[in-house]
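# Understanding the architecture of this molecule
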Amino acid sequence: MTLAELGWNDFFAAAFTDLNEPGLRPGRVARASRDYYGLLTAEGDIEARLPGRLRREPPAVGDWVAYAPPAPGVSATIRALLPRRTCFARVAPGRRRGRGAAAELQVLAANLDTVVIVSGLDRDFNLRRIERYLTLTWESGARPVVVLNKADLAENPEACRRQVEEIALDVPVHLLCAATGTGLESPAAYLAPGKTVALLGSSGVGKSTLLNRLAGLELQQTGELSEALGKGRHTTTHRELFLLPGGGLLIDNPGMRELQLWGDEQTLAGSFEDIEELAADCRFADCRHEVEPGCAVRAAAESGDLDPDRLAGYRRLQQELDHLTRRAESSAQAEQQRKWKAIHKQLRRSRRKS
Ligand code: GDP
Ligand code: ZN
C-alpha cells in the first residue's frame, strides 16, 4: 500500500518534513482507543502506543501521525499528530456541570474530503435536519454532498431533490436506491483513489446498505464484502477506516454513525442559538462580539438580558473552533466555510425580518 493510496499528499508531507525527526514514519489512524492505536502505513497495519503527553489532544480516526517503528521489546509509539486538513467535530456536553460554559468539542473524524449526508425519502425526510447536517459538515471544512436514498419509496423524488437543492445552495444532491444500486455512481464518484469519505445520517436511512454497495463495487461475493469492511467473522482487528477496492477510503465509526441531530447541542450555532439570534442584530455580519461597535451580543450581556457566563462559554468554544480551523489548511475549503457561514447568517437575518 502506498501512502498516496492512504490519502497522503503534499500538505501532510510538508508537515512531516517540518517535524525534522529522522527515524519517524507516517501512519494513518484506522482505530483509536485510549492507549493503543491501529495505523495504516506503507509497511502495512500496525499497532502503536499513544504516550500520555499526546492524550490531551488525542488523534482521531483519519488523522495522520508520525510514529517511531517498533524495536525489539518496544512497541511502535506515536510521537506527533500532524495538522488536519479538515476536522469533523461535535459539540458535546462537557463533564462539568453548568450551561454553555461546560460544552466541549469532540473530534469524531479527521481529514475527510467529502461527507455524504444520507437521508431517506420515506418518513425520515426532513429539510431542517438536512440543513443541520450541512452546517456541521461545513464547520468541518469537508465538502458536503446530499444523497436522497429510498427513491423507490417517494411519489415524486425529483421534487424532493429540488427542495433540498434550494436549501443546500451549490451542494450536489443525488437520488439513490441503495437497495437496488440505482444511482450508485453518484456517491461512488467521491471515492476517488486517496480521497476520504464518511456517511452521515440518522439510523435506518440506508447507510449500511450503501456502504456494502460501495465496498462491493468490484467484489461480488457477500463474504468478501463483509471482509472488505472488516466486519467478517474472521477478522480479528476492528477498523474504522477502510480502503475500498476502487481506491477510495471510507470512515465508518460509531461517533459518526450514532450522531443524532435532534438535541440542540450538536453544532456550534445550534448550541448557542440564543447568541446567534442576538448576533443577527450586530452591525457587522462577521462580528466576533469582542470590541466591534454596534455589537448586540455584548449589549445584551451588559444589560443583563444575556447571562455573561453563557457568553464566556460561547467564546471559549469559538476559540477552540478557531484553533481547529487554524490547524486545518487555510485553503479553498476554509474559504468555502466562511462564505457559507456568511450566507447562513444572511438567511437568519432575512427570516427574522420577514
Ligand atoms: P442504516 O441504519 O442507515 O445503516 O440503514 P440500513 O442500511 O440498515 O437500512 C435500513 C433499512 O432500509 C433496511 O431494511 C434496508 O433494507 C432498507 N433500505 C436501504 N436502502 C433502501 C432503498 O433504497 N429502498 C428501500 N425501499 N429500502 C431501503
Ligand atoms: Zn456582535
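Residues numbered from 1 in each chain as written. Chains lettered and ligands numbered in written order. Predicted model: local features only at pLDDT ≥ 70, side-chain atom pairs only at ≥ 80, totals over all residues. Heavy atoms only, no water.

Further remarks concern the overall build of the protein chain. A tally of regular secondary structure across the protein chain gives twelve helices and 13 strands. Of all intrachain contacts in the protein chain linking residues separated by at least 6 positions in sequence, the fraction that spans at least 24 positions is 68%. Summing over all exposed atoms, the protein chain offers an accessible surface of approximately 17300 Å²; the carbon and sulfur share of this is 50%. (Helix = DSSP H or I, 4+ residues; strand = E, 2+ residues; numbered from the N terminus. Contact = heavy atoms within 4.5 Å. Areas by Shrake-Rupley, 256 points an atom, 1.4 Å probe, with all protein chains shown as cover.)

It is worth spelling out the pairing of strand β3 (residues 44-49) at this point. Of the pairings in the sheet, the one linking strand β2 (residues 36-41) to β3 comprises six bridges and is antiparallel in character. Pairing of Tyr37 across the sheet is with Ala48, part of β3. In this antiparallel pair of consecutive strands, β2 and β3, the connection spans two residues. (Pairing = 2+ DSSP bridges.)

Taken together, 16 residues surround ligand 1, and among them Asp152, Gly204, Lys207, Ser208 and Thr209 come closest. Between an oxygen atom of ligand 1 and a main-chain N or O atom of Ala179, the distance comes to 3.2 Å. Computed on the free molecule, ligand 1 has an accessible area of 580 Å², of which 68% lies beneath the protein chains in the complex. Sorting elements by how many residues they give to the shell around ligand 1 places helix α5 (residues 207-215) first, with three residues. For the shell around ligand 1, the per-class residue count stands at five nonpolar, seven polar and four charged. (Near = heavy atom within 4 Å. Polar contact = N/O pair within 3.5 Å; in protein donor to acceptor, adjacent residues only side chain to side chain. Nonpolar A, V, L, I, M, F, W, Y, C, P; charged D, E, K, R; others polar.)

Let's shift gears to the coordination of the zinc ion (ligand 2). Coordination of the zinc ion (ligand 2) by the protein comes from Cys282 (SG), Cys287 (SG), His289 (ND1) and Cys295 (SG), over a distance range of 2.1 to 2.4 Å. One way to put it: the four donor atoms around the zinc ion (ligand 2) meet at angles of 101 to 117 degrees, and that makes the site tetrahedral. Within one chain, the residues serving as donors to the zinc ion (ligand 2) are arranged as C-x4-C-x1-H-x5-C. When its relative accessible area of 3% is taken as the criterion, His289 is described as buried. (Donors = N, O, S within 2.8 Å, 3.2 Å for Na, K, Ca; no water. Tetrahedral: all angles 85-135°; square planar, octahedral: opposite > 155°, others 65-115°. Buried < 20%, exposed > 50% of the residue type's maximum accessible area, 1.4 Å probe, protein only.)

Moving on: the environment of Val118. Tracing the backbone shows Val118 in strand β8 (residues 114-120). Between the C-alpha atom of Val118 and that of Gly206, which follows or precedes it by 88 residues, the distance is 7.6 Å.

To continue, consider the sheet that holds strand β1 (residues 25-32). Reading around the barrel, the five strands line up as β1-β2-β3-β5-β4 and close back on themselves, with mixed pairing between neighbours. Strand-to-strand twist of the sheet, defined as the mean angle between neighbouring strand axes without regard to direction, takes the value 55 degrees. Where β1 meets strand β4 (residues 64-68), four bridges bridge the pair, whose relative direction is antiparallel. Bridged to Gly27 within β4 is Val65. Sheet contacts for helix α1 (residues 10-19): β1, β4 and β5 (76-81); angle to β4, the most-contacted strand, approximately 35 degrees. (Axes fitted to C-alpha atoms, helices over the stretch in contact; angles between N-to-C directions.)

Further remarks concern the packing of aromatic side chains. In total, this model carries five aromatic pairs according to the counting rule given. With a centroid separation of 5.2 Å and an interplanar angle of 75 degrees, the aromatic rings of Phe11 and Phe12 are classed as edge-to-face. Using a relative accessible area of 21% as the deciding quantity, one classes Phe11 as partly exposed. Judged by centre distance (6.0 Å) and plane angle (40 degrees), the rings of Phe12 and Trp64 are tilted. Taken together, the residues Phe12 in helix α1 and Trp64 in strand β4 connect sequence positions 52 residues apart. Both residues of the pair, Phe12 and Trp64, count as buried. Following the ring pairs from residue to residue traces out a cluster consisting of Trp8, Phe11, Phe12, Phe16 and Trp64. (Phe/Tyr/Trp six-rings, centres within 6.5 Å; stacked < 30°, edge-to-face > 60°.)

This brings us to unusual backbone geometry. Backbone geometry at Asn20 places phi at a positive 50 degrees, although glycine is not the residue there. Among the structural elements, Asn20 can be located in the loop between α1 and β1. In this structure Asn20 comes out as exposed when scored by relative accessible area, which is 63%. At Lys150, a residue that is not glycine, the phi angle is positive and equals roughly 60 degrees.

Further remarks concern the side chain of His174. Considering the arrangement of structural elements, one finds His174 in strand β10 (residues 173-175). When its relative accessible area of 18% is taken as the criterion, His174 is described as buried. What His174 contacts, discounting residues up to four positions off in sequence, is Val145, Val146, Val147, Leu148, Ser186 and Tyr190.

So, to be careful, I would describe these as geometric facts and stop short of saying anything about function.
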